[in-house]
Amino acid sequence: MKINNSHIWHSGSLYWPTTLTHIPSYPALQGHITTEVAIIGGGITGALCAAVLARSGIPTVLVEGQRVASGSTAANTGLLQFSNDTMLSELADKIGETDAVQFYGECRKTLTRLYKLANEIPYDTGFHVRSSLYCASTSSDVPRLFKEYSMLRKHGFPVEWGSPHNTGHHLPIRKPAALVTHGDAEINPIRFAHGLIAEAAHKGANIYENTVVEGVQRMGDKFVITTDFGEIIASRVVRAVSDVPGIESPSRIKPILKRSYALVTPANSLPASWPYDCMMWETARPYFYFRTTPDRRIIAGGIDENQADATNDTDYLFNRTLRLLEELGSLFPEKQWEAEHAWYGAFSESVEDLPFLGETAKQPGIFHAFSSGGNSTVYSMIAAEMLRNRILGQEHPMHALLSPERPAQPDSSAVKTV
Ligand SMILES: Cc1cc2nc3c(=O)[nH]c(=O)nc-3n(C[C@H](O)[C@H](O)[C@H](O)COP(=O)(O)OP(=O)(O)OC[C@H]3O[C@@H](n4cnc5c(N)ncnc54)[C@H](O)[C@@H]3O)c2cc1C
């Protein structure tokens, strides 16, 4: 059986697979196996959950319908930031300042724990600490951005204000104003996912590829997870995929499926004037952003669209790639830009720009790891730690705020119209 998903995750020429010299492989599940936790999905979300659980000695099985990190994770451009697509000052208007600051603070602490994890696993995950230049796209966005700077500063986040020439970085970029946050990071998402899965396997987790979950059924206090050629009996199930037969999606989780575009420039194309340890994004929605690579490429992306899938439309991809190149050209007009790889991929957003993580009263034992949005890797790490805490009987500070059963915000339908 093939995975029956309603969308294709990506198309075009992906960059990250070219950075792997060896792709580890895992067997398909045949027969029956019993475990405490069954994780469905071998993207970055499932990989983080598997590594965090296995490192805590919790018996874990992970099943992936295709190959590890072949879904949206393969299209991910690998930026990790504590800032959400919704500014802290705007999130505070929606959910209250205390909760908004707690959420931003948790994302910041989670970045530190991701750094620690990436350093502890014996694998080059491409994890590098970076700063982010957050630019005002137009002059009219400057007051909004300054309000954000003031809010971040008030709550002790590592931020500097300045038009690019006085941020201390001497940034050669043409925008009316910018703030710089510190303590963000970049990763190679495929290498990170493979490193986490290898670590989980090393710590005793069983990993299966080419194993499609066809259904999940409760049987007393256990779950029976039926795969194409086998069966898993587990006490808990982690949903690290969009949909699985037998798992009811909580009514609050209403994913908005989007397309995002990305390209990679040739090695050594990064202008010498740009600080390689700085990523860039902006206030416009949808926004343009870029990061660098150790071999001095630029990975640029954006132009998000409300499209449910990533079909193989090459003309469309060509057109959007030209638009990304034009954006790069407007920032660095002295260079002729070209793309060595260009692709587009699907990802999910939530209307509130917050992930939905945890169990529901209706289906206890099923943990939803819906890590929405462009910052989803940070949320996937929060999911992994929340899951581990739950199994170990410990509270997690984000439990109520990110619950799939949390009350809807009164204005949540008006939050984002990208
Ligand atoms: C162009 C682009 C750029 C992005 N940039 C960033 C970024 O900079 N930072 C960031 O944090 N996020 C970014 N994202 C978002 C990010 O890619 C995704 O949100 C994230 O990788 C999703 O990971 P995942 O593990 O949840 O899902 P996936 O990677 O899609 O993994 C789900 C897996 O489940 C498997 N599966 C599905 N159904 C079944 C089944 N029935 N049985 C078994 N297995 C099944 C699939 O094969 C798949 O491998 C970007 C997305 C795109 C498209």
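Residues numbered from 1 in each chain as written. Predicted model: local features only at pLDDT ≥ 70, side-chain atom pairs only at ≥ 80, totals over all residues. Heavy atoms only, no water.

A.B. asks: With reference to specific residues and values, describe the overall build of the chain.
C.D. replies: Along its length, the chain carries eight helices and 18 strands. Relative to the 2.2 N^0.38 estimate, which gives 22 Å for 418 residues, the radius of gyration of the chain is 21 Å and therefore close to what a compact globule would have. Its C-alpha atoms put the chain at 65 × 45 × 40 Å along the principal axes. At a minimum sequence separation of 6, the contacts of the chain that also span at least 24 residues come to 75%. Summing over all exposed atoms, the chain offers an accessible surface of approximately 16700 Å²; the carbon and sulfur share of this is 51%. For the chain, the centre of its 37 positive side-chain charges and the centre of its 44 negative side-chain charges are spaced 3 Å apart. (Helix = DSSP H or I, 4+ residues; strand = E, 2+ residues; numbered from the N terminus. Rg over C-alpha atoms; globule rule 2.2 N^0.38 Å. Contact = heavy atoms within 4.5 Å. Areas by Shrake-Rupley, 256 points an atom, 1.4 Å probe, with all protein chains shown as cover. Lys, Arg positive; Asp, Glu negative; His and termini not counted. Charge placed at Lys NZ, Arg CZ, Asp CG, Glu CD.)

A.B. asks: Could you give an account of the site of the ligand, naming the residues involved and the relevant values?
C.D. replies: The environment of the ligand is formed by 35 residues, the closest being Thr 45, Glu 64, Thr 73, Ser 376 and Thr 377. Between an oxygen atom of the ligand and a side-chain N or O atom of Thr 45, the distance comes to 2.6 Å. Against a free-state accessible area of 1000 Å², the protein chains account for coverage of 94% of the ligand. Going through the elements one at a time, helix H1 (44-55), helix H2 (72-75), strand E16 (341-349) and helix H8 (376-391) are the ones with two or more residues in the shell around the ligand. A breakdown of the residues in the shell around the ligand according to their chemical character gives 14 nonpolar, 20 polar and one charged. (Near = heavy atom within 4 Å. Polar contact = N/O pair within 3.5 Å; in protein donor to acceptor, adjacent residues only side chain to side chain. Nonpolar A, V, L, I, M, F, W, Y, C, P; charged D, E, K, R; others polar.)

A.B. asks: For the side chain of His 194, give the residues involved together with the corresponding values.
C.D. replies: Tracing the sequence through the fold places His 194 in helix H6 (residues 189-202). Filtering out sequence-adjacent residues up to four positions away, His 194 remains in contact with Leu 20, Ile 23, Pro 24, Val 68 and Tyr 123.

A.B. asks: Can you explain the domain arrangement of the chain? Please cite residues and give values.
C.D. replies: With domains assigned, the chain is organised as domain 1 (10-76 + 190-254 + 353-414) and domain 2 (256-349). Taken over C-alpha atoms, the centre of domain 1 sits 28 Å from the centre of domain 2. Summed over both sides, the interface between domain 1 and domain 2 buries roughly 1300 Å², with carbon and sulfur atoms accounting for 54% of that surface. A per-residue breakdown of the area domain 1 buries against domain 2 is headed by Ser 11, Ser 13 and Tyr 15, which together make up 42% of the total. Counting across the interface, domain 1 meets domain 2 through zero salt bridges. (Domains from an automatic or database assignment. Buried area = accessible area lost by both parts, 1.4 Å probe. Salt bridge = Lys/Arg side-chain N within 4 Å of Asp/Glu carboxyl O.)

A.B. asks: Go over the packing of H1 against H6, please, and point to the residues and values.
C.D. replies: As a packed pair, H1 and H6 sit with axes 8 Å apart at the nearest point and diverge in direction by 30°. If you check the angle between H1 and H6, you find them roughly parallel. Considering how the two elements wind past one another, H1 and H6 form a crossing that is left-handed. Counted together, Ile 44, Ala 47, Leu 48, Ala 50, Ala 51, Ala 54 and Arg 55 of H1 and Pro 189, Phe 192, Ala 193, Leu 196, Ile 197, Glu 199 and Ala 200 of H6 form the full contact between these two elements. A per-class count over the contact of H1 with H6 returns 12 nonpolar, no polar and two charged. (Axes fitted to C-alpha atoms, helices over the stretch in contact; angles between N-to-C directions. Parallel < 35°, antiparallel > 145°, perpendicular 65-115°, else oblique. Left-handed = near helix turned anticlockwise from the far one by under 90°.)

A.B. asks: Can you tell me about the side chain of Arg 191, naming the residues and giving the values?
C.D. replies: Note on placement: Arg 191 falls in helix H6. Looking at Arg 191, its side chain comes within polar contact range of the main-chain oxygen of Thr 19, at 2.9 Å.

A.B. asks: Account for the pattern of salt bridges, naming residues and giving values.
C.D. replies: Applying the stated criterion to the full structure yields 22 salt bridges. Taking the shortest distance from any N to any O, the salt bridge between Glu 120 and Arg 55 comes out at 2.2 Å. Remark: Arg 55 occurs in helix H1 and Glu 120 occurs in helix H4 (residues 97-120); sequence separation between them is 65 residues. Of the residues examined, Glu 120 reaches a relative accessible area of 39% and is grouped as partly exposed. With a shortest N-O distance of 3.5 Å, Arg 291 and Glu 186 are connected by a salt bridge. Pair noted here: Arg 291 is in strand E14 (residues 288-292) and Glu 186 is in strand E7 (residues 178-186), with a separation of 105 residues, a long-range link. When sorted by exposure, Arg 291 lands in the same class as Glu 186, which is buried. (Buried < 20%, exposed > 50% of the residue type's maximum accessible area, 1.4 Å probe, protein only.)

A.B. asks: Describe in detail unusual backbone geometry, supporting the description with residues and values.
C.D. replies: With omega at -5°, the peptide bond leading from Arg 285 into Pro 286 counts as cis. Note that Pro 286 resides in the loop between strand E13 (278-282) and E14. Positive phi, close to 65°, is recorded for Asn 268, a residue that is not glycine. Looking at the secondary structure, you find Asn 268 in the loop between strand E12 (256-264) and E13.

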